[in-house]
Amino acid sequence: MPNKNLVVLARRDHAEAMRVAAGLTIAGHGVRLIFMTGPVEETAENIEQAETLELCDIEPETTVPGEELPFLDSAALSLALLQADSVINL
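Note on numbering: residues in each chain are counted from 1, in written sequence order. A pLDDT threshold of at least 70 governs which residues receive local features in this predicted model, and a stricter bar of 80 or more applies before side-chain atom pairs are shown or counted, although totals over entire chains, interfaces and linings include all residues. Neither water nor hydrogens contribute to the side-chain values; these are computed over all heavy atoms in the structure.

1. Some remarks on the sheet that holds strand S4 (residues 86–89)
Here is step 1 of the chain: Pairs of strands are assigned from DSSP output, requiring at least two bridges between the strands. Starting at the N terminus, helices and strands are each numbered in turn, a helix being any DSSP run of H or I of at least four residues and a strand any DSSP run of E of at least two. As summarised here, the arrangement of the four strands in space is S3-S2-S1-S4, forming an open sheet in which the pairing is parallel. Strand pairing shows two members of the sheet lacking a second neighbour, strand S3 (61–62) and S4, which therefore form its edges.
Here is step 2 of the chain: Relative to S4, strand S1 (residues 5–10) runs parallel, the two sharing four bridges. Looking at the pairing, Leu6 lines up with Ser86 of S4.
Here is step 3 of the chain: The strands touched by helix H3 (residues 74–83) within the sheet are S1, strand S2 (30–35) and S4, with S1 carrying the most contacts at an inclination of about 135 degrees. Contacts: residue pairs with any heavy atoms within 4.5 Å of one another. What counts as an axis is a line fitted to C-alpha atoms, over the stretch in contact for a helix, and the angles between N-to-C directions run from 0 to 180 degrees.

2. A word on the pattern of salt bridges
Here is step 1 of the chain: Salt bridges, as used here, are contacts in which a Lys or Arg side-chain nitrogen is within 4 Å of a carboxyl oxygen on Asp or Glu. Following the criterion strictly, the structure yields three salt bridges and no others.
Here is step 2 of the chain: Glu16 is the salt-bridge partner of Arg19, the closest N and O atoms lying 3.0 Å from each other. Highlighted residues: Arg19 and Glu16, both in helix H1 (residues 14–24), separated by three residues, approximately one helical turn.
Here is step 3 of the chain: Any residue under 20% of the maximum accessible area for its type is buried, any over 50% is exposed, and the rest in between are partly exposed; the area is computed with a 1.4 Å probe on protein chains only. Taking relative accessible area as the criterion, Arg19 reaches 33% and is therefore assigned partly exposed.
Here is step 4 of the chain: One salt bridge connects Arg19 with Glu45, and the closest N-O pair in it is separated by 2.9 Å. A residue pair is termed long-range when its members are at least 10 positions apart, and Arg19 in helix H1 and Glu45 in helix H2 (residues 44–55) qualify at 26 residues.
Here is step 5 of the chain: Judged by its relative accessible area of 41%, Glu45 is partly exposed.

Written out as structure tokens, the structure reads:
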């Protein structure tokens, strides 16, 4: 199976979205993780998953203004979704 460009939208469960994004890299897929709907809480689980993202070379982005992550406005988000082979909404 050829490698795909995937986008994981973290809308409801940020920790689960981080786990899924990291897992998708095992198959060699290119993965973008985009946090939405609010800031990522600094829980032990989220911190652990963030460390996993670093190991997988995934640099998360966000649609939430004022966060420390790279910000995607609506145009950039639309472009990311259009360029993706598949979008996973969590």
